[in-house]
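# Notes for the structure review
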Amino acid sequence: MFHMGWFMGTGFGVYNWNQRWSGNVSQDVGNPQLFVDMATSLERAGFSYMMLEDSSVLPNVHRGTFESSVKNGGTIRFDPVPLIPFLTAATKHIGIVATISTSFYHPFMAARLFSTLDHVTNGRVGMNLVTSSNKSAMQNYGLKDLIPHDERYARANEWVDVVKALWDSWDEDAVLMDEVNGVFADHTKVHTVDFEGKYYRSRGPLNTIPGPQRHPVICQAGGSDVGREFGARNADTIIAAVKGVEEMKAYRDDVSERMIALGRDPKDVKVLFLISPVLADSKAEAEEKNAAMLKASAANIDAQVAGFSYFTSTDWSKYDYDAPFPDLSKNEGHQSTMNDFARSGATIREAVTNHRTQESVPLIGTPESIAEEMGEYMEYAGGDGFLIAKPVTRQNITEIADGLAPALRKRGLIRPSYEHSTFRDNLLAY
Ligand SMILES: Cc1cc2nc3c(=O)[nH]c(=O)nc-3n(C[C@H](O)[C@H](O)[C@H](O)COP(=O)(O)O)c2cc1C
């Protein structure tokens, strides 16, 4: 059996504005209901978690204007954290992961917030840790410039140490709730943390009590060397966008080797790979649907390239779209994503038109054929599951939750039901 998750690529934002099948977007924007419907559907489908991407910037790097950011609504983001209780109030089992920047949240604030959420959600919350790769986002928080890539990860490692120390500032048996003797908690089992690091200081203890998970789940997606090391050291689940089944296998093996070197058991991290399946009633129909999608994205190339401008804080409109990918391997933003394209030798136009960036293996067919392929890929790669990376529309949700998931379940590839009450326990169950 493997895990299924959904990567919500524009977080608590706008999906497919002004497109067929996107529903009443004007009523859904900023409204929890679409995502509540999604959570109940994915729980019916046995999904382990939903992951809400996030960023804190409205980019204007591409062509030096906000046009590509706001014209299609694609970079609008509401804060994902307030959405979490709506999703968990409507469900009983599925985990909800929201993205948190280690560069912007003080560790005490994050530890307290997620300890609170652990209670509110009854043990079903997780945080996706990112270091934030955008200069304008840094400036929104008052920093002058981007913190260099590797230093962001050095800070992030220390950040996690402070957060975990704060979560552990109350011993397991500190809370007594002894009504007979009138003792809520034993004060001898609550400790200061007195963390003094290179980047952070925190006194502690937390003024919350430990939640059902004690340590909410940590998710991570960094693909560079230091990013992978960070994931192997700190994460409970890693999400990866690599190219092809060989790279999937190599990625899982790499995470396992790093974990062993760090004294962790590789089974304690679940590695999920991004996929974007194209489903239809027949293989031919699915191929047709895929061709139409690629044609639509080719017709809108500038909007796609604007995404690269954002990832690298570099205006890509100045490049020739028919020349090979520029070498931006040393950019201080998303290194691994750009390296993958540069290595492939593709031109910018080819990269945009032939590859959907958010899939590790292409899956085009019927629910049954795709379920079979997913089983084979997972068996070979040795990973722990897949993360759907499709726009959040009710049509896409139905295709996955009521088409693909039952086909996977019939083959015994995904869980028939949830065994445990917390997200952490359900994630680590297999
Ligand atoms: C599936 C996936 C989801 C990601 N989600 C976010 C996100 O929500 N916010 C963000 O700032 N970065 C996000 N990233 C970027 C990563 O945190 C990371 O910066 C990127 O993969 C490049 O790796 P590196 O930082 O190790 O160079 C995501 C990356 C992947 C592959």
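Quantities reported herein were computed from a predicted structural model and do not represent experimental measurements.

## Some details on the UniProt feature "binding site: FMN" (unreviewed entry) in the protein
Feature annotation in UniProt assigns "binding site: FMN" (unreviewed entry) to the following positions: D54, T99, H149, Y153 and S224. The residue T99 is located in strand β5 (residues 95-101) in this model. Not counting residues up to four positions away in its chain, the partners in contact with T99 are M51, L52, E53, D54, P80, N128 and V130. At 2.6 Å, the side chain of T99 and the backbone oxygen of L52 are in polar contact. Assignment of secondary structure puts S224 in the loop between β11 (217-220) and α8 (225-234). On the basis of relative accessible area, S224 is assigned to the buried category, the value being 9%.

## What to know about the pattern of salt bridges
Evaluation of the coordinates by the stated rule reveals 20 salt bridges. Across the pair E151 and R155 runs a salt bridge whose closest N-O atoms are separated by 4.0 Å. With a gap of four residues between them, E151 and R155 both fall in helix α7 (residues 149-167), about one helical turn apart. Given a relative accessible area of 32%, E151 falls into the partly exposed group. A salt bridge links K189 to D173; the nearest nitrogen and oxygen atoms lie 3.1 Å apart. Within this pair, whereas K189 is found in the loop between β8 (183-185) and β9 (195-196), its partner D173 is found in the loop between α7 and β7 (175-178), the two being separated by 16 residues in sequence. Looking at D173, the relative accessible area reads 43%, which means it is partly exposed. Each of D225, R228, E229, D254 and R258 takes part in a single network of salt bridges with overlapping partners.

## Details of the site of the ligand
Surrounding the ligand, one finds 19 residues, the nearest of these being E53, D54, H149, Y153 and S224. The contact in question runs from an oxygen atom of the ligand to an N or O atom on the side chain of T99, over 3.3 Å. Between the ligand and G223 there is a distance of 3.1 Å, counted from an oxygen atom to a backbone nitrogen or oxygen. In the complex, the protein chains occlude 90% of the 610 Å² of accessible area that the ligand would expose alone. If you list the elements that add at least two residues to the shell around the ligand, you get β6 (125-130), α7 and α12 (335-344). Looking at side-chain class alone, the shell around the ligand contains seven nonpolar, 10 polar and two charged residues. Taken domain by domain, the shell around the ligand gets at least three of its residues from each of domain 1 (3-169 + 197-282 + 358-428) and domain 2 (284-354).

## A few points about the packing of aromatic side chains
Considering all chains together, one arrives at 13 aromatic pairs under this definition. Taking the centre distance of 4.0 Å and the plane angle of 15 degrees together, the rings of F104 and Y141 count as stacked. One end of the pair, F104, is in the loop between β5 and α5 (107-120); the other, Y141, is in the loop between α6 (135-140) and α7, with 37 residues separating them in the sequence. Judged by its relative accessible area of 15%, F104 falls in the buried class. Exposure remark for Y141: the relative accessible area of 45% places this residue in the partly exposed category. The interplanar angle of 40 degrees and the centroid separation of 5.8 Å between the aromatic rings of Y310 and F311 together place this pair among those described as tilted. Connected via pairs of aromatic rings, a cluster forms that spans F12, Y15, F35 and F78.

## With respect to the domain arrangement of the protein
The assigned domain composition of the protein is domain 1 (3-169 + 197-282 + 358-428) and domain 2 (284-354). At the interface, 27 residues of domain 1 touch 26 residues of domain 2. Between domain 1 and domain 2, a total of about 2100 Å² is buried, with carbon and sulfur atoms accounting for 52% of that surface. Where domain 1 packs against domain 2, one counts two salt bridges. One salt bridge in this structure joins R63 and D302, with 2.8 Å as the shortest N-O distance. In this assembly, domain 1 and domain 2 are joined by 10 residue pairs in polar contact (both at pLDDT 80 or more). Elements with a contribution of two residues or more to the side of domain 1 that touches domain 2: α7, β14 (278-279) and β15 (364-365). Residues of the side of domain 1 that touches domain 2, tallied by class, amount to 10 nonpolar, 11 polar and six charged.

## Some details on the environment of D150
Here D150 is to be found in helix α7. Residues D150 and G5, 145 residues apart in the sequence, show an inter-C-alpha distance of 28 Å.

## Quick word on the packing of helix α2 (residues 33-44) against helix α15 (residues 394-410)
Packed helices, taken two at a time, are described by the angle their axes make and the gap between the axes. Packing of α2 against α15 leaves a shortest axis separation of 9 Å and a crossing angle of 10 degrees. Classed by the angle they form, the pair α2 and α15 counts as roughly parallel. Residues Q33, L34, D37, M38, S41, L42 and R44 of α2 form the contact with α15, whose own contacting residues are R394, I397, A401, D402 and R409. A per-class count over the contact of α2 with α15 returns five nonpolar, two polar and five charged.

## Structural notes on the environment of V70
Looking at where V70 falls in the secondary structure, it is placed in helix α3 (residues 67-70). It is 38 Å that separates the C-alpha atoms of V70 and E246, two residues lying 176 residues apart in sequence.

## Regarding the environment of V392
When you line up the elements, V392 lands in the loop between β16 (385-388) and α15. Remark: the alpha-carbon pair of V392 and A90, spanning 302 residues in sequence, is separated by 18 Å. Not counting chain neighbours up to four residues away, the residues in contact with V392 comprise W6, M8, Y15, L34, F35, M38 and I397.

What counts and what doesn't
Each chain carries its own residue numbering, running from 1 in the direction its sequence is written. Residues qualify for local features only when their pLDDT is at least 70, as the model is predicted, and side-chain atom pairs are given and counted only at 80 or more; totals for whole chains, interfaces and linings, by contrast, use all residues. To get the side-chain values, all heavy atoms of the structure are used, and hydrogens and water are removed first. UniProt positions are given in the numbering used here, feature names are shortened, and annotations may be inferred rather than shown by experiment. Helix numbers and strand numbers start at the N terminus; a helix is a DSSP run of H or I with at least 4 residues, a strand a run of E with at least 2. We call two residues contacting when some pair of their heavy atoms lies within 4.5 Å. Polar contacts here mean pairs of N or O atoms no more than 3.5 Å apart (in protein, one a potential hydrogen donor and the other a potential acceptor; neighbouring residues in sequence count only if both atoms are side-chain atoms). Partly exposed residues are those whose accessible area sits between 20% and 50% of the maximum for their type, while under 20% is buried and over 50% is exposed, using a 1.4 Å probe and protein chains only. Salt bridge, as used here, is a side-chain nitrogen of Lys or Arg placed within 4 Å of a carboxyl oxygen of Asp or Glu. A single heavy atom is enough: if one lies within 4 Å of a molecule or strand, its residue is considered near that molecule or strand. Throughout, the Shrake-Rupley method with a 1.4 Å probe supplies accessible areas, and for residues the shown protein chains are the sole cover considered. Only Asp, Glu, Lys and Arg are considered charged in this grouping, and only Ala, Val, Leu, Ile, Met, Phe, Trp, Tyr, Cys and Pro are considered nonpolar; every other residue, Gly among them, is considered polar. Domain delimitation in this document rests on an assignment produced automatically or drawn from a domain database. Two rings from Phe, Tyr or Trp (for Trp, the six-membered ring) form a pair when their centres are within 6.5 Å of each other. A pair whose planes differ by under 30 degrees is stacked, one over 60 is edge-to-face, and the rest are tilted. By definition, the buried area sums, over both parts, the 1.4 Å-probe accessible area that each loses when the two are put together. The axes are straight lines fitted to the C-alpha atoms, using for helices just the contacting stretch, and the angles between their N-to-C directions are given from 0 to 180°. Each angle receives one of four descriptions, namely roughly parallel if under 35 degrees, roughly antiparallel if over 145, roughly perpendicular if within 65 to 115, and oblique otherwise.

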